[in-house]
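Each chain, written out:
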Amino acid sequence: MNANNIWEIAESYLDGTMLPADVASVNARLKTDPTFAAEFNENINLINSLNSNGKQKRFRTMLTDIHNKQLTEKPVKKTFALPAYFWRTAAVAAGVALITSIGTYSLFINSANKNASQYSTISREVEHLKNVQKRQQEQQNAIIDSIKKKNAPVIPTSEVRFTGTGFAITNDGYFATAYHVINYGKFDSVYIECNDDKYYKAVLVNYNEKTDIAILKVEKKNFKFAKSEVPYAINNGKASLAAQIFTIGYPKDDMVYSEGYISAKNGYNGDAGQYTLALPAGHGQSGSPVLDANGNISGMLTAISGPEEANTYAANSNALIDVLEPIRANMHLPKNSKLAKLSREKQIEQLEAYTFSVKVYKK
Amino acid sequence: MYSPENNEQQVLTALARGDRAATEQIYKQQYPIINGWLIKNGGSADDSADLFQEAMVVLFGKVQEEEFRLTCSVGTYLFAISKHLWYKKLQRQHKEPTRLFDNTEGDDEGYGHPAHEDDVNIHHEREAHFELLDNALDQIGEPCRSLLQAYYHKDKSMQQIAVDFGYTNPENAKTQKYKCLARLRKLFYTMQSK
């Protein structure tokens with residue numbers, strides 16, 4: 001049997017054009033001649049693969065064609081909801097460049113995030129360059145300061161890996177932030193950048209990974225966030241549905257204010273330690289305080305879900321109190337808010353010294 | 001007699017042949033649902049088109065089986081397969097699917113069904129196999145590459161190929177095709193054994 005002949009046999013064997021008597025003799029030979037059987041089976045498999053691969057390719061081409069034809073149809077006519085979907089799709093496609101990554105859950109800025117979209121990667125590199133320059137500037141200033149005053153603030157020398165927001169629990173240096181901000185990628189050191197532009201090193205005091213709350217303390221002796229005690233108290237019990245809330249945080253170098261309301265009493269997947277908020281939030285705002293209209297702490301921002309859902313989640317104040325419980329003895333926690341009767345602008349003014357950017361460095 | 005089940009079976013049989021009308025019908029009914037779900041779960045329009053195509057190819061592969069049987073409706077099947085494909089894709093990208101917001105629990109029947117997972121796994125294996133085959137085809141050189149592509153991918157007849165490639169008759173073209181197949185086999189199985 002020559003080399004071409006075996007292909008011809010395989011082809012007719014497969015497509016059913018072979019005479020029954022020939023099929024029987026091929027089957028008989030397959031049983032008795034292992035060399036022939038091996039080659040014949042390889043040929044059969046190859047032809048089968050080529051056939052189904054080709055069939056699938058034609059099917060894909062047709063699908064692409066159908067899809068493209070649907071897309072080019074005017075989005076006004078027809079019966080079912082396609083137009084709305086495509087509208088939405090277009091809007092999302094336009095918006096997607098601005099959103100860090102699909103399914104991003106956490107709200108902190110991750111400088112090492114490989115999955116970030118092109119747009120935010122670029123913006124981060126710019127940001128990164130700016131940070132380097134800023135840090136160099138600050139280090140120079142610090143050296144000059146240290147010569148002048150002999151009490152230079154510590155300036156971190158490595159790169160910022162993550163940033164989030166923190167807020168004071170007590171005036172003498174205890175503060176809260178989201179646990180994932182500091183733990184992600186095993187931090188080396190955490191600094192806060194206060195609104196006097198100085199950096200202060202902080203140590204972890206207590207945390208709860210599940211509720212995503214971390215309590216830290218500024219290391220520096222006799223540290224004070226501001227002249228007076230923290231102007232807000234932590235709410236006991238759950239806030240009401242639809243309660244107006246606001247937050248301030250550091251998604252960028254400047255403080256950003258946003259407001260909204262409690263849209264569900266439980267959080268992500270029904271988590272009773274969280275609220276679901278209708279509140280715009282972005283990366284870098286993890287750990288931001290959520291305050292009610294009277295300026296009391298109702299919770300702390302921890303996460304957002306999918307771009308289209310645009311839900312924001314906050315650990316509630318009960319979860320915060322739980323994490324504070326073991327260390328509460330050392331703390332002087334305010335019982336009342338001093339912000340209740342102030343206008344929103346004045347409230348923010350008062351809050352500014354107690355809310356700051358948290359930066360995590362890794363060597 | 002007409003019934004939704006009968007109708008669906010007819011559509012699937014037509015789909016197995018690669019019938020355009022049947023494919024279009026399924027597309028129009030199912031694409032908006034999967035697109036809507038994916039957009040809610042953080043996908044883009046391009047992701048939807050890719051995902052839907054992939055799910056349709058899985059279904060297409062499934063209905064090729066001689067005694068194929070869907071344990072659920074086409075819609076449920078495509079939705080379940082889409083979810084599997086999407087979560088697998090996210091897993092490959094080291095994104096955590098459990099953290100995805102998913103508000104479709106109500107119509108979740110079928111998701112997590114091991115049979116669907118099998119279908120997706122088979123699909124991925126098949127895709128890897130086809131990719132290897134395409135690579136081998138790219139390496140065998142001309143005229144073999146074009147000739148085999150014309151026959152197997154573009155579904156051209158040997159008569160047409162003889163004309164296109166300048167062979168005096170279809171028999172000569174056929175002889176050339178068998179030589180090409182022999183070369184492809186050698187290359188393909190060498191690549192596969194690596």
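Residues numbered from 1 in each chain as written. Chains lettered and ligands numbered in written order. Predicted model: local features only at pLDDT ≥ 70, side-chain atom pairs only at ≥ 80, totals over all residues. Heavy atoms only, no water.

1. Quick word on the overall build of chain A
1) Next: On a plain count of helices and strands, chain A comes out with eight helices and 13 strands.
2) Next: Counting every position in chain A, which comprises 363 residues, the buried fraction comes to 47%.
3) Next: Once local pairs closer than 6 in sequence are excluded, the contacts in chain A between residues at least 24 apart make up 66%.
4) Next: Of the roughly 18200 Å² of accessible surface on chain A, a fraction of 53% belongs to carbon and sulfur atoms. (Helix = DSSP H or I, 4+ residues; strand = E, 2+ residues; numbered from the N terminus. Buried < 20%, exposed > 50% of the residue type's maximum accessible area, 1.4 Å probe, protein only. Contact = heavy atoms within 4.5 Å. Areas by Shrake-Rupley, 256 points an atom, 1.4 Å probe, with all protein chains shown as cover.)

2. A word on the packing of aromatic side chains
1) Next: With the rule as written, the count across this model stands at 19 aromatic pairs over all chains.
2) Next: Arranged with centres 5.2 Å apart and planes meeting at 70 degrees, the rings of F188 of chain B and Y189 of chain B form a pair that is edge-to-face. Accessibility classification places F188 of chain B together with Y189 of chain B in one group, the buried group.
3) Next: Grouping aromatic residues by their ring pairs yields a cluster made of F175, Y200, F223, F225 and F356 of chain A.
4) Next: Positioned above the aromatic ring of Y174 of chain A, the side-chain terminus of K217 of chain A is 5.4 Å from the ring centre.
5) Next: Here the guanidinium or amino end of K177 of chain B rests over the ring plane of Y151 of chain B, the centre of that ring lying 3.7 Å away. (Phe/Tyr/Trp six-rings, centres within 6.5 Å; stacked < 30°, edge-to-face > 60°. Lys NZ or Arg CZ within 6 Å of the ring centre and 35° of its normal.)

3. Quick notes on helix α8 (residues 344-351) of chain A
1) Next: The set of residues buried in α8 of chain A consists of Q347, I348 and L351 of chain A. End-on view of α8 of chain A: buried residues confined to an arc of 95 degrees, all on one side of the axis. (Arc of directions from axis to C-beta.)

4. Observations concerning the pattern of salt bridges
1) Next: Enumeration according to the criterion identifies 20 salt bridges over all chains in this entry.
2) Next: Between E127 of chain B and R60 of chain A there is a salt bridge whose closest N-O contact spans 3.1 Å. Here R60 of chain A lies in helix α3 (residues 34-72) and E127 of chain B lies in helix α5 (residues 114-139), a pairing that spans two chains.
3) Next: On the basis of relative accessible area, R60 of chain A is assigned to the buried category, the value being 18%.
4) Next: Here K88 of chain B and E117 of chain B are joined by a salt bridge, their closest N and O atoms 4.0 Å apart. On the criterion of sequence distance, the pair formed by K88 of chain B in helix α4 (residues 74-92) and E117 of chain B in helix α5 is long-range, its members being 29 residues apart.
5) Next: Taken together, the shared-partner salt bridges in this structure form one network comprising D65 and K69 of chain A together with R20 and E24 of chain B. (Salt bridge = Lys/Arg side-chain N within 4 Å of Asp/Glu carboxyl O.)

5. Describing the state of the cysteines
A covalent bond between the sulfur atoms of two cysteines is referred to as a disulfide.
All names here are of chain B.
1) Next: Summed over the entire model, instances satisfying the criterion amount to one disulfide over all chains.
2) Next: The disulfide partner of C144 is C180, and the S-S distance across this bridge is 2.2 Å. Taking the torsion about the S-S bond as the criterion, the C144 to C180 disulfide, at about -80 degrees, is left-handed. Of the two residues, C144 is situated in helix α6 (residues 144-153) and C180 in helix α8 (residues 170-193); the sequence distance between them amounts to 36 residues. Of the two residues, C144 and C180, both sit in the buried class. (Disulfide = S-S within 2.5 Å.)

6. Describing the nonpolar core
1) Next: Core analysis: the largest hydrophobic core is formed by 47 residues, its most contacted members being I169, F175, I192, I215, F225, Y232 and L320 of chain A.
2) Next: Looking at this core, the element that brings in the most residues is strand β6 (residues 213-218) of chain A, giving five residues.
3) Next: For I169 of chain A, the residues in contact, after removing those within four places along its chain, are Y174, F175, A176, V230, I234, L320, L324, M331, L333 and P334 of chain A.
4) Next: By size, the runner-up hydrophobic cluster in this structure holds 39 residues, among which are M62 of chain A together with I34, V63 and W86 of chain B. (Core = buried A, V, L, I, M, F, W, Y, C linked by side-chain atoms within 4.5 Å.)

7. Focus on the packing of α6 of chain B against helix α7 (residues 158-165) of chain B
When two helices pack together, their arrangement is given by the angle between their axes and by how far apart the axes lie.
All names here are of chain B.
1) Next: Close contact between α6 and α7 brings their axes to 10 Å; oriented N to C, the two are set at 150 degrees. As summarised for this structure, α6 and α7 are arranged roughly antiparallel, according to the angle between their axes. Of the two elements, α6 crosses α7, and the hand of that crossing is right-handed. Residues S146, L147, A150 and Y151 of α6 lie in contact with α7, whose contacting residues are M158, I161 and F165.
2) Next: The residue makeup of the contact of α6 with α7, split by class, is six nonpolar, one polar and no charged. (Axes fitted to C-alpha atoms, helices over the stretch in contact; angles between N-to-C directions. Parallel < 35°, antiparallel > 145°, perpendicular 65-115°, else oblique. Left-handed = near helix turned anticlockwise from the far one by under 90°. Nonpolar A, V, L, I, M, F, W, Y, C, P; charged D, E, K, R; others polar.)

8. Topic: the environment of M62 of chain A
1) Next: As for its placement among the helices and strands, M62 of chain A is situated in helix α3.
2) Next: Note on M62 of chain A: relative accessible area 13%, which makes it buried.
3) Next: Excluding its chain neighbours within four sequence positions, the residues that come into contact with M62 of chain A are G18, D19, R20 and T23 of chain B.

9. Some thoughts on unusual backbone geometry
1) Next: Along the chain, E142 of chain B connects to P143 of chain B via a cis peptide bond; the corresponding omega equals 0 degrees.
2) Next: You can see P143 of chain B is positioned in the loop between α5 and α6.
3) Next: In this structure, D212 of chain A takes a positive phi of about 65 degrees despite not being glycine.
4) Next: Looking at where D212 of chain A falls in the secondary structure, it is placed in the loop between β5 (199-208) and β6.

10. Re the sheet that holds strand β8 (residues 256-264) of chain A
Residue and element names in this part refer to chain A.
1) Next: Taken in spatial order, the six strands line up as β7-β8-β9-β12-β11-β10 and close into a barrel, and their pairing is antiparallel. When the angles between neighbouring strand axes are averaged without regard to direction, this sheet yields 45 degrees.
2) Next: Pairing of strand β11 (residues 297-304) with strand β12 (residues 312-316) involves five bridges; the strand directions are antiparallel. Directly across from G299, in β12, lies its bridge partner N316.
3) Next: Against the sheet, helix α7 (residues 317-324) engages β11 and β12, with an angle of about 45 degrees to β12.
4) Next: α8 rests against β7 (244-249), β8 and β10 (289-292) of the sheet, and its axis sits at about 40 degrees to β7. (Pairing = 2+ DSSP bridges.)

11. Re the pairing of β11 of chain A
Working note: regular strand, side chains alternate between the two faces of the sheet.
1) Next: Across the eight residues of β11 of chain A, eight count as buried, placing the element largely inside the fold.
2) Next: Between β10 of chain A and the antiparallel strand that follows it, β11 of chain A, lie four residues; G295 of chain A among them carries a positive phi value of about 85 degrees.

12. Quick word on the packing of helix α3 (residues 45-64) of chain B against α4 of chain B
All names here are of chain B.
1) Next: Where α3 contacts α4, the two axes come as close as 9 Å, and the packing angle between them is 120 degrees. Judged by the inter-axis angle, α3 sits oblique to α4. In the crossing of α3 with α4, the sense of the turn from one axis to the other is right-handed. On α4, the residues touching D47, L51, F52, E54, A55, M56, V58, L59 and K62 of α3 are V74, Y77, L78, I81, S82, L85, W86 and K89.
2) Next: In terms of residue class, the contact of α3 with α4 is made up of twelve nonpolar, one polar and four charged.

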